[in-house]
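Examination of the molecular architecture
Here's the letter readout for the chains.
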Amino acid sequence: MPAQLSNAADDAYAATRERIISGALAGGTLLSEAEVGADLGLSRTPVHEAFLRLAAEQFLTLIPRRGAVVSPVTATEAADVLAMRQAIETASARQVFAAGGPSAEFRELIERNLARQAGLAADADVDGFVEADDEFHLLAVRASNNPIAAHFYELLRGRQQRLRNVLLRIDPATLPASHDDHQRLAACLFAGEREEYERLLEAHLARYQGAI
């Protein structure tokens, strides 16, 4: 694919995906390649490529000669996403522990993230805290230096963000407790306390059901 067309497809993918994740495009919405292309100032070809990618991620269901339908959030999706999150985060942490702990670089990044969380929790900044929360868990996965785990976790992040926007509501009063969970998880990761880390992670994910 020529570079210009590839860039246009990336733009169409990112824009449409963001609208689905944010809830701006509700489940069941019929999308036309021509209409989406017109909105973005693009031809149908890059939009078609974007639709194929989104269908592969199960955000869209393709309909021949009509376009695509935004896949609705199913009743079991929240539980399924949470189960896969726990599996990837647990497996990644075990690789970190097997390697003797996170590198100095990742340790510093996690500590800086925790400091940012503290300020956001104090300010009751839900949107900012959610962003920092996402980053914290992704850093813990990336600390394993397992690119496959990081790739699949990125896919789950999009689904979780959509669930949060469509189904879940976050009470600002829960932010300090979530920050405390993250501090304890980081302390276990740094100290090599694998069993306690896994216990805390399971309790943390169960408590907030993937909202934060």
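Remember, predicted model here, so these are calculated numbers, not experimental data.

Keep in mind that low pLDDT regions are not for reading the predicted coordinates in detail. A residue-level look at the protein chain finds 98% of positions with pLDDT of 70 or above and a mean pLDDT of 93. Mean pLDDT per element in the protein chain: helix α1 (residues 3-22) is the minimum at 88, and helix α5 (residues 104-122) is the maximum at 98.

Here we take up the domain arrangement of the protein chain. It is common to report an interface's size as the accessible area lost on association of the parts. We note that the domain assignment places domain 1 (8-70) and domain 2 (75-207) within the protein chain. The distance between the C-alpha centroids of domain 1 and domain 2 comes to 29 Å. At the junction of the two partners, domain 1 supplies ten residues and domain 2 supplies eight residues. When domain 1 packs against domain 2, close to 690 Å² is buried across both sides, 49% of that on carbon and sulfur atoms. There are zero salt bridges connecting domain 1 and domain 2.

The terminal C-alpha atoms of helix α4 (residues 77-98), which comprises 22 residues, lie 32 Å apart, in line with the 32 Å expected from a rise of 1.5 Å per residue. What α4 keeps buried is the set Glu77, Val81, Leu82, Arg85, Ile88, Glu89, Thr90, Ser92, Ala93, Val96 and Phe97. Considering only its buried residues, α4 is in contact with α6 (126-142), α7 (147-166), α8 (175-191) and α9 (194-208).

About the criteria used
Residues numbered from 1 in each chain as written. Predicted model: local features only at pLDDT ≥ 70, side-chain atom pairs only at ≥ 80, totals over all residues. Heavy atoms only, no water. pLDDT = per-residue confidence, 0-100. Helix = DSSP H or I, 4+ residues; strand = E, 2+ residues; numbered from the N terminus. Domains from an automatic or database assignment. Contact = heavy atoms within 4.5 Å. Buried area = accessible area lost by both parts, 1.4 Å probe. Salt bridge = Lys/Arg side-chain N within 4 Å of Asp/Glu carboxyl O. Expected span 1.5 Å × (residues − 1). Buried < 20%, exposed > 50% of the residue type's maximum accessible area, 1.4 Å probe, protein only.

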